Amino acid sequence: MRPHATFLLLAGLLGLAAHAADSVKVIVRTTLDGKPVADAVVSATPLDHAAPPSAPHETVQIEQKDQEFRPYVTAVQVGATVNFPNHDTVQHHIYSLSKPKRFEIPLYQAGASESVVFDTPGIITIGCNIHDWMVAYIVVLPTPFFAKTDATGAAALPPLPAGRYRLEVWHPRAPAPMVQEIQSAPENTPVLEFSVALKPDKRIRRAPSGKPSDY
Ligand SMILES: [Cu+2]
């Protein structure tokens with residue numbers, strides 16, 4: 001490699017390093033037995049600088065399939081559109097009574113797809129008037145820096161520009177959100193562990209071989 005090419009390569013790498021942001025990883029486990037907790041929403045809200053503007057046309061999907069919402073927990077940034085496609089052969093009638101976004105999508109057919117814009121931060125619980133057991137959560141966040149824990153209880157936030165952040169971990173069965181202040185710096189790539197005493201799962205599941213008239 002020619003000397004100046006080496007220099008340019010090095011300069012490029014250093015340039016990247018100078019702009020490299022913190023990549024915070026969070027692991028959530030249960031207090032009782034240390035089992036991984038999936039579906040926890042981890043978010044980082046800047047405390048000393050404004051969050052970048054929201055993606056103008058972000059659209060995510062929460063489908064209705066096998067008379068359940070999928071996914072169970074969805075995190076979006078303020079302003080996002082959520083699309084609710086009905087992939088069942090039965091009708092659904094979904095609603096939210098949650099303060100940040102009350103809405104109702106009256107009876108809609110298989111194959112239909114309705115959309116709702118979520119313009120206020122907060123937690124929205126969604127149910128279905130026809131199928132009592134259906135429940136899903138939408139976490140509307142004032143920041144683009146968020147992630148959801150996977151089956152191993154792990155979530156990796158998008159790279160954070162340097163600064164102070166309010167890190168929050170929310171789960172539908174946690175008694176309260178867990179909050180911690182963090183400092184993001186290029187050389188600082190922490191793995192933060194949280195343990196949570198989950199409340200019992202009160203979701204009532206449909207009997208797999210239940211009679212159609214029951215629903
Ligand atoms: Cu339904």
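Residues numbered from 1 in each chain as written. Predicted model: local features only at pLDDT ≥ 70, side-chain atom pairs only at ≥ 80, totals over all residues. Heavy atoms only, no water.

Focus: the coordination of the copper ion
1) Next: The copper ion binds to the protein through His92 (ND1), Cys128 (SG) and His131 (ND1); the donor distances cover 1.9 to 2.1 Å.
2) Next: The motif formed by the donor residues of the copper ion, counted along the single chain, is H-x35-C-x2-H. Linking His92 in strand S8 (residues 92-96) with Cys128 in strand S11 (residues 122-128), this pair joins segments that are 36 residues apart in sequence. Assigned by exposure class, His92 and Cys128 land together as buried. (Donors = N, O, S within 2.8 Å, 3.2 Å for Na, K, Ca; no water. Helix = DSSP H or I, 4+ residues; strand = E, 2+ residues; numbered from the N terminus. Buried < 20%, exposed > 50% of the residue type's maximum accessible area, 1.4 Å probe, protein only.)

Considerations on the packing of aromatic side chains
1) Next: Scanning the entire structure with this criterion turns up five aromatic pairs.
2) Next: Aromatic pair Phe145 and Tyr165: ring centres 6.0 Å apart, planes at 90°, arrangement edge-to-face. On the criterion of sequence distance, the pair formed by Phe145 in the loop between strand S12 (135-141) and strand S13 (146-148) and Tyr165 in strand S15 (residues 163-170) is long-range, its members being 20 residues apart.
3) Next: Judged by its relative accessible area of 0%, Tyr165 falls in the buried class.
4) Next: Taken together through their ring pairs, the aromatic side chains of Tyr72, Tyr137 and Trp170 make up a single cluster. (Phe/Tyr/Trp six-rings, centres within 6.5 Å; stacked < 30°, edge-to-face > 60°.)

Some remarks on the sheet that holds strand S7 (residues 80-85)
1) Next: With mixed pairing, the three strands of this open sheet are ordered in space as S3-S7-S10. Bordering the open sheet on either side are strand S3 (59-61) and strand S10 (113-118), each of which pairs with just one other strand. When the angles between neighbouring strand axes are averaged without regard to direction, this sheet yields 25°.
2) Next: Bridge analysis of S3 against S7 gives three bridges, and the strand direction is parallel. Looking at the pairing, Thr59 lines up with Thr81 of S7. (Pairing = 2+ DSSP bridges. Axes fitted to C-alpha atoms, helices over the stretch in contact; angles between N-to-C directions.)

Describing the environment of Ala112
1) Next: Tracing the sequence through the fold places Ala112 in the loop between strand S9 (103-108) and S10.
2) Next: Note on Ala112: relative accessible area 21%, which makes it partly exposed.
3) Next: In the structure, Ala112 is positioned 25 residues away from His87 in sequence and 8.0 Å away in space, judged by C-alpha atoms.

Some words on the sheet that holds S8
1) Next: Overall, mixed pairing links the five strands, which are arranged S6-S12-S11-S8-S9 in an open sheet. Looking at the sheet topology across the chains shown, the edges are occupied by strand S6 (73-77) and S9. Neighbour to neighbour, the strand axes of the sheet diverge by 20° on average, direction disregarded.
2) Next: In terms of strand pairing, S8 meets S9 through four bridges, oriented antiparallel. Each bridged residue has a counterpart across the sheet, and for His92 the counterpart in S9 is Tyr108.

Read these as layout, nothing more, since geometry by itself doesn't imply function.
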